[in-house]
Amino acid sequence: MVAEAGDEWSLLLWTSLAVVVPVFITLWCSVQRSKRKTHMKEFFRKSKHGWHYTDLFNKPTYCCVCSQHILQGAFCDCCGVCADDECLRPADRSLPCKDIMAPAQADGGMEHRWVRGNVPLASYCVVCKQQCGSQPKLCDFRCVWCQRTVHGDCFGDVPDQCDFGEFRSLIIPPHYLYHVNKLRRRHPDEYSKLAESCGSSWTPVLVLANTRSGNNMGEVLLGEFRSLLNPVQVFDLSQLNPSKALQLCTLLPPGSVHVLVCGGDGTVGWVLDAIDTMKLKGQDQFIPRVTILPLGTGNDLSNTLGWGAGYAGEIPVEQVLRNVVDAEVVKMDRWKVQVASKGAYFRKPKVLSMNNYFSVGPDALMALNFHTHREKTPSFFSSRIINKAVYFLYGTKDCLVQECKDLDKRIELELDGERIALPSLEGIIVCNIGYWGGGCRLWEGMGDELDDGLLEVVGVYGSFHCAQIQVKLANPVRLGQAHTVRLVLKSSKMPMQVDGEPWAQGPCTITITHKTQALMLYHSSEQTDDDDSSDSETESNTPHDSPRPPGSASARA
Ligand SMILES: [Zn+2]
Ligand SMILES: [Zn+2]
Ligand SMILES: [Zn+2]
Ligand SMILES: [Zn+2]
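Per chain, residue numbering runs from 1 following the sequence as it is written. The order in which chains are written sets their letters, starting at A; the order in which ligands are written sets their numbers, starting at 1. Where totals are concerned, whole chains, interfaces and linings use all residues; where local detail is concerned, this predicted model gives features only for residues with pLDDT of at least 70, and gives and counts side-chain atom pairs only at 80 or more. Computation of side-chain values covers all heavy atoms of the structure but excludes hydrogens and water.

**Focus on the overall build of the protein chain**
Here's step 1: Only DSSP runs of H or I with at least four residues qualify as helices, and only runs of E with at least two residues qualify as strands; both kinds are numbered from the N terminus onward. Helix and strand content of the protein chain: 14 helices and 24 strands.
Here's step 2: Throughout, the Shrake-Rupley method with a 1.4 Å probe supplies accessible areas, and for residues the shown protein chains are the sole cover considered. Surface accessibility of the protein chain: about 28300 Å² in total, with carbon and sulfur atoms responsible for 55%.

Dropping the structure here:
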């Protein structure tokens, strides 16, 4: 009996050990890992490199210190130096990063800054034109400024001077910033004089990326732009707001700067608001031109300006920069939406900026439903496809509810002070641009004149009509054009939205007036070699030259 009890006890002991030991080991490992992570974070923050830790390199990678193949380690997204765990500290100490600010040589030029090994796939030697980096070891060199690559064997025959390569017209050279910093008198004329050394067609670009839009795309783009440009001209909007980032414009020649906003329409609006603030601060002359790399989906403003509705890596970032160089400047109206709630005389009216459209009715309800459900279960909405499906479901559900019924009896519409008689409808859309509702063109030619100081006002019969417009089976009802739009909601709560930001609004007066004009860059569709004239007419639909459809002049009912 005693022996049996002893067996039971030892069995129990071994079983519990078998359970406890792995749990303990796992816990210990995760504690160690998180300890190392916070330790690394601190180290990365202090480093002059832009280190990123990874245990999955997307191509064979070799340590710049010990030349060994790396499975786990870090790379710098500015200069491209790679190091394994053991060599990370020596690498950080001994290898310099890209200098964001440095004096030029006596003759005004600059030497290449070579980094050894890990050259991009499919890169060719600048001397012998053969492929580089084809051997499985740390070999060959890449210049961090001009991106040229060269074999170790051909290294002696490379010309000394670095010309900053293909994107020299977009890069802020380290010597420019060095000399601006040394100026005794900071004046735009001095900047223009300094800029002469940067070439006649120098239009430096500032990249402002929102890492919160479009899944992980913003993070990836930041790294790619830091590696192609001067890291000082690339900003993470989750670290620094647009107003602060745009202050770099005041150190560059007036009228030369382009800003590339990587984010959704909301991010673009945020940057445009910051530019309007520059005007208020008397920095008019430094105002940049704005271009867009749309992240996320359904970006109507970006679509209107020819940059597409959403970027997910379809073209390499080099091509994105080429498109920025080729783009043309257009002016775009921005509008002020004032919402004065009924009865709240002592409260300040809500003021919003509008670039795209204002709407009241079924499409705003769709956006509002979607918005509230996304707030409740955010993880569910992280995928693009699910987003689209859910958006569609909420849209069609509304067909049954008819919440916006008889809008025409509850609302008054005034265009430039003139009361408009409304047909029986459920929604009103006030448009500045040609696209609406996440990629739908209301009709060809509409909203193509972005700087005419006019808003286009249309009505929809209901959510089913909305859906028909989305798939181009119907047109909205044109109500007219105006410089100033006033809407009075007399009773009940209605869903409303400005540029895709929805809310529920009680009785109120809404006034939409002109605010400012922004300078935007327009990307015309790619020119095809095909010389078909009817084709090219629709292809090159620039905001300025496209004819308006007949009857587009105010067709007031
Ligand atoms: Zn190493
Ligand atoms: Zn670096
Ligand atoms: Zn170079
Ligand atoms: Zn070579």
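Picking up after the structure, the text goes on.
**So, helix α9 (residues 317-326)**
Here's step 1: Of all the positions in α9, only Val 317, Val 320, Leu 321, Asn 323 and Val 324 are classed as buried. Viewed end-on, α9 has its buried residues packed into an arc of 155°, placing them on one side of the element.
Here's step 2: Tucked into the core, α9 has its buried residues touching α5 (217-228), β9 (258-263), β10 (289-294) and β24 (508-522). The buried label applies to any residue whose accessible area, calculated with a 1.4 Å probe on protein chains only, is under 20% of its type's maximum; exposed applies above 50%, and partly exposed to all values in between. The arc in question is the one traced by the directions running from the helix axis out to the C-beta atoms. The contact criterion used is simple: two residues touch if any of their non-hydrogen atoms lie within 4.5 Å.

**A look at the UniProt feature "transmembrane region" (unreviewed entry) in the protein chain**
Here's step 1: Feature annotation in UniProt places "transmembrane region" (unreviewed entry) on residues 12-31, given in this structure's numbering.
Here's step 2: End-to-end, the C-alpha atoms of residues 12-31 are 28 Å apart, and along that stretch the chain is 100% helix and 0% strand. UniProt positions are given in the numbering used here, feature names are shortened, and annotations may be inferred rather than shown by experiment.

**Some thoughts on unusual backbone geometry**
Here's step 1: Despite not being glycine, Gln 147 shows a phi value in the positive range, around 65°.
Here's step 2: The exposure class of Gln 147 is partly exposed, given its relative accessible area of 24%.

**What to know about the pattern of salt bridges**
Here's step 1: Here, a salt bridge means any side-chain nitrogen of Lys or Arg that lies within 4 Å of a carboxyl oxygen of Asp or Glu. Across all of its chains, the model carries 18 salt bridges by this definition.
Here's step 2: For the salt bridge of Lys 409 with Asp 406, the shortest nitrogen-to-oxygen distance reads 4.0 Å.
Here's step 3: Taken together, the salt bridges that share partners define one network made up of Asp 273, Asp 276, Lys 279, Arg 334 and Lys 515.

**Focus: the packing of α5 against α9**
Here's step 1: Between the N-to-C directions of two axes lies an angle of 0 to 180 degrees, each axis being a line fitted to C-alpha atoms and, for a helix, fitted only over the stretch in contact. The contact between α5 and α9 brings their axes to 10 Å, and the two run at 70°. Classified by the angle their axes make, α5 and α9 are roughly perpendicular. For α5 against α9, the interelement crossing comes out right-handed. Where α5 approaches α9, its residues Leu 221, Glu 224, Phe 225 and Leu 228 are matched on the opposing element by Val 317, Glu 318, Val 320 and Leu 321. Here is the rule for angles: anything less than 35 degrees is roughly parallel, anything more than 145 is roughly antiparallel, 65 through 115 is roughly perpendicular, and the remaining ranges are oblique. Crossings are sorted by hand: turned counterclockwise from the far helix by less than a right angle, the near helix makes the crossing left-handed, and turned clockwise it makes it right-handed.

**So, the layout of surface pockets**
Here's step 1: Definitions used throughout: a 1 Å grid over protein atoms alone; a cavity as a set of points that fits a 1.4 Å probe which cannot get out; a pocket as an open set with protein on both sides within 12 Å along at least five of seven lines; a lining residue as one with an atom within 4 Å of a point. Grid points are joined across faces, edges and corners, and a volume is the space filled by probe spheres set on the points. The calculated volume of the second largest pocket comes to roughly 1500 Å³.
Here's step 2: In terms of lining, the second largest pocket is formed by 45 residues, of which the most central are Lys 59, Pro 120, Arg 142, Glu 224 and Ser 227.
Here's step 3: Broken down by secondary-structure element, the contributors of at least two residues to the lining of the second largest pocket are β1 (51-54), β2 (73-76), α5 and α9.
Here's step 4: Top element by residues in the lining of the second largest pocket is α5. It accounts for six residues.

**So, the sheet that holds β1**
Here's step 1: Taken in spatial order, the three strands of this open sheet run β1-β2-β3, and their pairing is antiparallel. Looking at strand neighbours, the two that pair on one side only are β1 and β3 (82-84), the edges of this open sheet. Across the sheet, the mean angle separating the axes of adjacent strands is 25° when strand polarity is ignored.
Here's step 2: The pairing criterion is simple: DSSP has to find at least two bridges between the two strands. Two elements, β1 and β2, share four bridges in a ladder whose sense is antiparallel. Across the sheet, His 52 pairs through a bridge with Phe 75, a residue of β2.

**Considerations on the pairing of β10**
Here's step 1: Most of β10 is tucked away, with six of its six residues classed as buried.
Here's step 2: Here β10 shows no split at all, with Arg 289, Thr 291 and Leu 293 on one side and Val 290, Ile 292 and Pro 294 on the other all buried.
Here's step 3: Bridge analysis of β9 against β10 gives six bridges, and the strand direction is parallel. Along β10, the bridge assignment pairs Val 261 with Ile 292.
Here's step 4: After leaving β9, the chain enters helix α7 (residues 265-280) and then returns to the sheet as β10, a path that is right-handed. Classification remark: right-handed applies to a crossover when, strands pointing away from the viewer, the course from the first strand over the helix to the second runs clockwise.

**Focus on the environment of Asp 333**
Here's step 1: Looking at the element boundaries, Asp 333 is found in strand β11 (residues 328-341).
Here's step 2: Taking C-alpha positions, Asp 333 is 9.2 Å from Met 354, a pair spaced 21 residues apart along the chain.
Here's step 3: If we ignore the near neighbours within four places in the chain, the residues touching Asp 333 are Asn 432, Leu 450, Asp 451, Asp 452, Gly 453, Leu 454, His 514, Thr 516 and Gln 517.
Here's step 4: Here the side chain of Asp 333 touches Gly 453 through a polar contact of 2.7 Å, landing on its backbone nitrogen.
Here's step 5: Pairs of N or O atoms within 3.5 Å make up the polar contacts considered here, provided that, within protein, one atom can donate a hydrogen while the other can accept it, and that residues adjacent in sequence are counted only when both atoms are side-chain atoms. Separated by 3.1 Å, the side chains of Asp 333 and Gln 517 make a polar contact.

**Structural notes on the nonpolar core**
Here's step 1: Buried Ala, Val, Leu, Ile, Met, Phe, Trp, Tyr and Cys residues that are joined via side-chain atoms within 4.5 Å together make up what is termed a nonpolar core. Ranked by size, the top nonpolar core spans 94 residues in total, and within it Leu 206, Phe 225, Leu 229 and Met 520 carry the most contacts.
Here's step 2: At six residues, α7 tops the list of elements feeding residues into this core.
Here's step 3: Here the limits of each domain have been adopted from an automatic or database domain assignment. Counting contributing residues, this core receives three or more from each of domain 1 (164-326) and domain 2 (334-524).
Here's step 4: Not counting chain neighbours up to four residues away, the residues in contact with Leu 229 comprise Lys 98, Trp 145, Leu 170, Ile 171, Val 205, Val 207, Val 234 and Leu 321.
Here's step 5: Counting 31 residues, the second-largest nonpolar core is a separate cluster that includes Met 354, Val 360, Leu 413 and Leu 487.

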